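Fold and contact review
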Amino acid sequence: MNLVHDLHTHSTASDGALTPEELVKQAHEAGINTLALTDHDTVDGLNKALVTSNNLDIIFINGIELSTKWLSYTVHIVGLHINPESESLIQHIKHLKELREQRAMRIGELLEKVNIPDAYNHAKILAGDGTVTRSHFAQYLVEAGFAKDQKDVFKRYLVKGKPGFVSVNWPTLEETIKCIHQSNGLAVIAHPLRYKMTATKLRQLMTDFKSNAGDGIEVISGQQNQEELNRATALCKQFDLLASAGSDFHNHNTPWAQLGKLNPLPSTLNPVWQYWNS
Ligand code: AMP
Ligand code: MN
Ligand code: MN
Ligand code: MN
């Protein structure tokens, strides 16, 4: 039987559209056997997701997607099978939350300067109790008619060189991997091909990740073409890492990132789930 693992998903605890409960139910309906919830810089959705999964035939893995700064890049590290009650993780998350709050206020100020008023308050309302992210700003700007879709908002306002861009001093790769290990989790590089890095830079990232005892890499990240799969597989092998698979599901608007819509891992790789299955 083909077991479907989806180890990268979001809920309303960060910038996903589904509550943790809805996410688990829909993952189950999509035929997923093992699901990890990996919200941005928060563990707030994990308990609800776990409770829901206990009533369904689905294995739930505690996860998180942590923001890090590597050179001038923001790199996302997924922590899998973490202990959400780990003291060092709790402290790390507290710091990230402050950084996010400061950035959100600054983004609001910068958008005011280009005649987009009150975006901070609107983004905060959309985020609710969850982590405030750039996606919430994007959602508001689309709703208010400043851009046609979220992609358009990012391109015109929220990325480097654009009026609402704010650079953040996220924790380093080293601090992040250490924190994941202190919470008994595996550190996995999220969506390695999405950082717009040259092949040389990407190898440099992998080298640094490996020398800081990083564990794995997402070889399967949503729907990829063969060339992307080959590149990610080669990196995984070259750096002797465990292989992970995740959709990066946020909502139903992105056909390439839907729950469980994932190709199987190449059989020559060692999957991350060996870690908790052994
Ligand atoms: P943040 O972690 O607050 O910087 O927000 C990053 C999130 O914004 C990502 O996890 C994506 O969900 C979303 N995002 C980033 N770039 C884009 C883009 N070009 N189009 C749509 N959403 C994006
Ligand atoms: Mn996101
Ligand atoms: Mn990410
Ligand atoms: Mn993600």
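Calculation notes
- Residues numbered from 1 in each chain as written.
- Chains lettered and ligands numbered in written order.
- Predicted model: local features only at pLDDT ≥ 70, side-chain atom pairs only at ≥ 80, totals over all residues.
- Heavy atoms only, no water.
- Pairing = 2+ DSSP bridges.
- Helix = DSSP H or I, 4+ residues; strand = E, 2+ residues; numbered from the N terminus.
- Contact = heavy atoms within 4.5 Å.
- Axes fitted to C-alpha atoms, helices over the stretch in contact; angles between N-to-C directions.
- Donors = N, O, S within 2.8 Å, 3.2 Å for Na, K, Ca; no water.
- Buried < 20%, exposed > 50% of the residue type's maximum accessible area, 1.4 Å probe, protein only.
- Right-handed = clockwise from strand over helix to strand, strands pointing away.

1. Thoughts on the sheet that holds strand S1 (residues 5-6)
- If you trace the seven strands from one edge of the open sheet to the other, you get S1-S2-S3-S4-S5-S6-S7, paired in mixed fashion. Bordering the open sheet on either side are S1 and strand S7 (242-246), each of which pairs with just one other strand.
- Summarising the sheet, strand S4 (residues 73-80) and strand S5 (residues 186-189) pair through four bridges and their orientation is antiparallel. Bridge pairing links leucine 80 to leucine 186 in S5.
- Helix H7 (residues 173-182) contacts strand S3 (59-70), S4 and S5 of the sheet and is inclined by roughly 160 degrees relative to S3.

2. Let's talk about the coordination of the manganese ion (ligand 4)
- Bound to the manganese ion (ligand 4) are the protein donor atoms His8 (NE2), His10 (NE2), Glu65 (OE) and Asp248 (OD), situated 2.1 to 2.2 Å from the metal.
- Here the donor residues of the manganese ion (ligand 4) share one chain and are spaced in sequence as H-x1-H-x54-E-x182-D.
- Histidine 8 gets classed as buried once you look at its relative accessible area, which sits at 0%.
- The exposure class assigned to aspartate 248 is buried, which follows from its relative accessible area of 7%.

3. Focus: the pairing of strand S6 (residues 216-221)
- Judged by how many residues are buried, S6 sits mostly within the fold: six of six residues are covered.
- Bridge analysis of S5 against S6 gives two bridges, and the strand direction is parallel. Considered in S6, the bridge of isoleucine 189 is made with isoleucine 217.
- Following the chain from S5 across helix H8 (residues 199-211) to the adjacent parallel S6, one finds a crossover that is right-handed.
- In terms of strand pairing, S6 meets S7 through five bridges, oriented parallel. Opposite isoleucine 220, over in S7, you have alanine 245 as the bridge partner.
- For the crossover that starts at S6, traverses helix H9 (residues 226-238) and ends in the parallel S7, the hand is right-handed.

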